[in-house]
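For reference, the chains in residue letters:
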Amino acid sequence: MPLSELLSVNDEFATFNSSLQTTELVDTLEGEERLTVFAPTEAAFAALSPELKEKLSQPEILEQVLKYHVVVGDINEDDIKRRGVLTMLESNVIEISGEEGKGDEITVKLNNATASTPLAADNALVIPIDQVLIPPTL
């Protein structure tokens, strides 16, 4: 299933998906390169401050924030466990770490966001997160 279809059929990503459509980033994300997309849930967008929501109404800022949720390539368990940094499509870096959970589960942390079970698309791994990541340059 293409990335755009995966995001559009899942109500948890409605705001993220519509934001991608607004900024026309869907075409970029549908390319040949493998990607990892850290997709904020509806609850993550709802928790934003009114000031930040206002900032995100500006297309250039919205695009910058959305690109801060995408990494070129697949993120695997070793990447998560080693506690490192990832360079986002937007060019800034983000801290990533993982903690052993119950059974084979690993709790993934990105800055202060927590990730949940990944979903696979044709060219991407979509990892739901509980916060909207904001680049340090904003």
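Predicted, not measured: the structure shown is a model, and the values here were computed from it. (Residues numbered from 1 in each chain as written. Predicted model: local features only at pLDDT ≥ 70, side-chain atom pairs only at ≥ 80, totals over all residues. Heavy atoms only, no water.)

## Comments concerning empty space enclosed by the protein
All chains considered together, the criterion is met by one cavity of 30 Å³ or more. Considering only enclosed or pocket space, the largest cavity measures out at about 30 Å³ in volume. Looking at the lining of the largest cavity, the elements that each hand over two or more residues are helix H1 (3-9), helix H2 (14-23) and helix H3 (26-29). Among the elements that line the lining of the largest cavity, the one with the most residues is H1, at three residues. (1 Å grid on protein atoms, 1.4 Å probe; cavity = no way out; pocket = protein on both sides within 12 Å on 5 of 7 lines; lining within 4 Å. Points joined across faces, edges and corners; volume = space filled by probe spheres on them. Helix = DSSP H or I, 4+ residues; strand = E, 2+ residues; numbered from the N terminus.)

## Some words on the pairing of strand E1 (residues 35-40)
The buried count for E1 comes to six of six residues, which makes it a mostly enclosed element. Here E1 shows a buried face lined by Leu35, Val37 and Ala39 and a second buried face lined by Thr36, Phe38 and Pro40. Bridge count between E1 and strand E2 (residues 70-72): three bridges; the pairing is antiparallel. Residue pairing in the sheet places Leu35 in a bridge with Val72 of E2. In the sheet, E1 pairs with strand E8 (residues 124-129) via six bridges, with the strands oriented parallel. Of the residues in E8, the one forming a bridge with Pro40 is Ile129. (Buried < 20%, exposed > 50% of the residue type's maximum accessible area, 1.4 Å probe, protein only. Pairing = 2+ DSSP bridges.)

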